[in-house]
Amino acid sequence: MGIVVGRLTATRKDENLVGSKLLITQPIAIDGSYLSHPIVTVDTVGAGVGEKVIFVKGSMASKSTHNKEAPIDAAIVGIIDSIDT
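Peer 1: Would you mind showing me how to read the overall build of the protein chain here?
Peer 2: The helix and strand inventory of the protein chain stands at one helix and five strands. Of the regular secondary structure in the protein chain, the N- to C-terminal order runs β-β-β-β-α-β. What you see for the protein chain is a C-alpha radius of gyration of 13 Å, in line with the 12 Å of a compact globule of 85 residues. Projecting the C-alpha coordinates of the protein chain onto the three principal axes gives extents of approximately 40 × 25 × 20 Å. Buried residues in the protein chain amount to 32% of all 85 residues. Of all intrachain contacts in the protein chain linking residues separated by at least 6 positions in sequence, the fraction that spans at least 24 positions is 51%. When the accessible surface of the protein chain is summed, it comes to about 5,500 Å², and 51% of that surface belongs to carbon and sulfur atoms. When the 8 positive and 9 negative side-chain charges of the protein chain are each reduced to one mean point, those points stand 4 Å apart.

Shown next as structure tokens:
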């Protein structure tokens, strides 16, 4: 899980990422505490700053977009509506 803390603009990037929205995502624990440093994620679901999201890393991230050639290490795949523990 993570929380979107910002947006990233890159005027020059891999051509397979053109048109992709890049967001800065802070990984969080179930209690909301920060787990590590923020990471850059590709948004696949229309998330915005301040939203809690589900993100994937590694090979699953590159499979989450229509462009399988895009060099993606982390991608947002869901927006969290609520958490019940």
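Peer 1: I tried to follow the sheet that holds strand β1 (residues 2-8) on my own but got confused; where do I start?
Peer 2: Adjacent strands of a sheet pair through backbone hydrogen bonds, lying either parallel or antiparallel. Overall, mixed pairing links the five strands, which are arranged β1-β2-β3-β5-β4 in a closed barrel. Going across the sheet, the axis of each strand differs from the next one's by a mean of 55°, ignoring polarity. Relative to strand β4 (residues 52-57), β1 runs antiparallel, the two sharing two bridges. Across the sheet, Ile3 pairs through a bridge with Lys52, a residue of β4.

Peer 1: Is there a simple way to explain the environment of Gly46 in this structure?
Peer 2: Take Gly46: it is sitting in the loop between β3 (39-43) and β4. The exposure class assigned to Gly46 is exposed, which follows from its relative accessible area of 52%. It is 15 Å that separates the C-alpha atoms of Gly46 and His66, two residues lying 20 residues apart in sequence. Discounting residues that sit within four places of it in the chain, Gly46 has contacts with Lys21, Glu51 and Ile79.

Peer 1: What exactly am I supposed to notice about the side chain of Thr41 here?
Peer 2: Summarising the element assignment, Thr41 is placed in strand β3. Thr41 sits in the buried class, given a relative accessible area of 1%. At a separation of 2.8 Å, a polar atom in the side chain of Thr41 contacts the side chain of Thr25. Sequence-distant contacts of Thr41, that is, excluding residues within four places in its chain, are made with Lys21, Leu22, Leu23, Thr25, Ala74, Ala75 and Ile76.

Peer 1: Would you mind showing me how to read the pairing of β4 here?
Peer 2: Sheet faces and side chains relate simply in a regular strand, where the side chains alternate between the two faces. Looking at chain direction, β4 and strand β5 (residues 74-79) are connected through five bridges and run antiparallel. Its bridge partner being in β5, Val56 is matched across the sheet by Ala75.

Peer 1: Even after reading the chapter, I still don't get the pattern of salt bridges, so can you show me in this structure?
Peer 2: Pairing of side chains with opposite charge becomes possible as their charged atoms draw close. Inspection of the entire model under this criterion finds one salt bridge. A salt bridge links Asp43 to Lys21; its shortest N-O distance comes to 3.1 Å. Of this pair, Asp43 sits in strand β3 while Lys21 sits in strand β2 (residues 21-27); the two residues are 22 residues apart in sequence, bridging distant segments of the chain.

Conventions used here
Residues numbered from 1 in each chain as written. Predicted model: local features only at pLDDT ≥ 70, side-chain atom pairs only at ≥ 80, totals over all residues. Heavy atoms only, no water. Helix = DSSP H or I, 4+ residues; strand = E, 2+ residues; numbered from the N terminus. Rg over C-alpha atoms; globule rule 2.2 N^0.38 Å. Buried < 20%, exposed > 50% of the residue type's maximum accessible area, 1.4 Å probe, protein only. Contact = heavy atoms within 4.5 Å. Areas by Shrake-Rupley, 256 points an atom, 1.4 Å probe, with all protein chains shown as cover. Lys, Arg positive; Asp, Glu negative; His and termini not counted. Charge placed at Lys NZ, Arg CZ, Asp CG, Glu CD. Pairing = 2+ DSSP bridges. Axes fitted to C-alpha atoms, helices over the stretch in contact; angles between N-to-C directions. Polar contact = N/O pair within 3.5 Å; in protein donor to acceptor, adjacent residues only side chain to side chain. Salt bridge = Lys/Arg side-chain N within 4 Å of Asp/Glu carboxyl O.

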